[in-house]
Amino acid sequence: ARFHQLDICEPKMIDLIRDERPAVLNLHAAQMDVRRSVADPAFDARVNILGAINCLEGARRANVRRVVFVSSGGAVYGEQEAFPAAEAHPTNPVSPYGVSKRAGELYAFFYQAEYHVPFFAMRYANVYGPRQDPHGEAGVVAIFSGKMLRGEPVTVNGDGKQTRDYVFVGDVARANLLALERECAGAVNIGTGIETDVNQLAALLLQATGSRSPLAHGPTKAGEQRRSVIDCAKAARVLGWRPEVSLADGLARTVEFFRARVVGA
């Protein structure tokens, strides 16, 4: 394995992919904070749209066999009309992050149509698990886990009844490996089809951590969807993939990872 530290927005990214000539380009690099996208839409677009174009152009020049593009199964659909949302659900994103991820899919489709670079878009639900970044605004499981293990107060945005589809990172990694092996195209949801609201999530984490951290409710954050849950039946058909780790088990594994870090600190 070779590691190159490089901003995907830099023109050198095109040259790097061209010179490395990978068989597959797996594009995870992104600005992934919904709230930052609301506060600074131009930054979000620069990274997620222009950066993606750089990578796709590199893929074209390298004649890659496939691009695996990581999209968002929550943000691209916007406020859902059906629950869970299948891939044919209308895409009306309500955040710049959702707009930029949908744009990335469309640019990937253009490169497929014009330059015959096949692409496969994986629309992730809310991914959580060990090694998730507990700093910043994204990653509620990691943020709550750290605060609870330290006995700090936990703030739930809004009334806490907003729902998400939480999928364990190990299951997502397995989906990525399958995407290298299967001949598939277009967009596929990677989630569980199970809705969990933030109040339920906080209760499960309090139980897993054994914490007595007080819970408080703060203001609702701009750009957040009310309900988000995706249908992963297509992933079962085209990838042979289904989620295997339950939320309770995944949260327990995540808490133990952060517990070791807190104790180690």
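The structure reproduced in this document is the subject of the present report. (Residues numbered from 1 in each chain as written. Predicted model: local features only at pLDDT ≥ 70, side-chain atom pairs only at ≥ 80, totals over all residues. Heavy atoms only, no water.)

### Some remarks on the overall build of the chain
Counting its secondary structure elements, the chain contains 9 helices and 10 strands. Relative to the compact-globule value of 18 Å for 265 residues, the chain shows a C-alpha radius of gyration of 19 Å, a close match. Taking the principal axes of its C-alpha atoms as reference, the chain extends roughly 55 × 40 × 35 Å. Of all 265 residues assigned to the chain, the portion counted as buried reaches 47%. As presented, the chain carries roughly 12,900 Å² of accessible surface, and 53% of it is formed by carbon and sulfur atoms. (Helix = DSSP H or I, 4+ residues; strand = E, 2+ residues; numbered from the N terminus. Rg over C-alpha atoms; globule rule 2.2 N^0.38 Å. Buried < 20%, exposed > 50% of the residue type's maximum accessible area, 1.4 Å probe, protein only. Areas by Shrake-Rupley, 256 points an atom, 1.4 Å probe, with all protein chains shown as cover.)

### Quick notes on the side chain of Arg123
Here Arg123 shows up in strand β3 (residues 119–124). Under the relative-accessibility criterion, Arg123 is labelled buried at 3%.

### Some details on the packing of aromatic side chains
Throughout the structure, instances matching the rule amount to 5 aromatic pairs. Here the aromatic rings of Phe110 and Tyr111 are separated by 5.4 Å at their centres, their planes lie at 85°, and the arrangement is edge-to-face. Note on Phe110: relative accessible area 38%, which makes it partly exposed. Taking relative accessible area as the criterion, Tyr111 reaches 7% and is therefore assigned buried. Seen in terms of ring centroids, Tyr128 and Phe168 are 5.7 Å apart; in terms of plane orientation they differ by 65°. Their pairing is edge-to-face. With Tyr128 in strand β4 (residues 126–128) and Phe168 in strand β7 (residues 166–168), this residue pair connects regions lying 40 residues apart in the sequence. A relative accessible area of 6% places Phe168 in the buried class. (Phe/Tyr/Trp six-rings, centres within 6.5 Å; stacked < 30°, edge-to-face > 60°.)

### Section: the sheet that holds strand β1 (residues 24–27)
Pairing within the open sheet is parallel, and its 4 strands lie in the order β1-β2-β3-β8. Looking at the sheet topology across the chains shown, the edges are occupied by β1 and β8 (186–190). Averaged over neighbouring strand pairs, the angle between their axes works out to 20° when direction is ignored. Alignment of β3 against β8, held across 5 bridges, turns out to be parallel. (Pairing = 2+ DSSP bridges. Axes fitted to C-alpha atoms, helices over the stretch in contact; angles between N-to-C directions.)

### So, the layout of surface pockets
The calculated volume of the second largest pocket comes to roughly 320 Å³. Along its surface, the second largest pocket is lined by 15 residues, and Met13, Leu16, Ile17, Leu25 and Asn26 are the ones closest to its centre. Contributing elements (two or more residues each) for the lining of the second largest pocket: α1 (12–20) and β1. Class assignment for the residues of the lining of the second largest pocket results in 11 nonpolar, 3 polar and 1 charged. (1 Å grid on protein atoms, 1.4 Å probe; cavity = no way out; pocket = protein on both sides within 12 Å on 5 of 7 lines; lining within 4 Å. Points joined across faces, edges and corners; volume = space filled by probe spheres on them. Nonpolar A, V, L, I, M, F, W, Y, C, P; charged D, E, K, R; others polar.)

### As for a nonpolar patch on the surface
A contiguous nonpolar patch, built from Tyr107, Phe110 and Tyr115 and spanning about 270 Å² of accessible area, is present on the exposed surface. Along the chain, Tyr115 falls in helix α4 (residues 96–115). (Patch = residues over 30% accessible without salt bridge, like charges linked within 9 Å, V, L, I, M, F, W, Y side chains within 5 Å. Salt bridge = Lys/Arg side-chain N within 4 Å of Asp/Glu carboxyl O.)

### Description of the pattern of salt bridges
Inspection of the entire model under this criterion finds 18 salt bridges. Measuring nitrogen to oxygen at the nearest pair gives 2.7 Å for the salt bridge that ties Glu20 to Arg2. Residue Glu20 is found in helix α1, and its partner Arg2 is found in the segment before α1; the two are separated by 18 residues along the sequence. Residue classification places Glu20 among the partly exposed positions, given a relative accessible area of 31%. For Arg2, a relative accessible area of 64% corresponds to the exposed category. Among the salt bridges present, the one from Glu105 reaches Arg123, with a minimum N-O distance of 2.8 Å.

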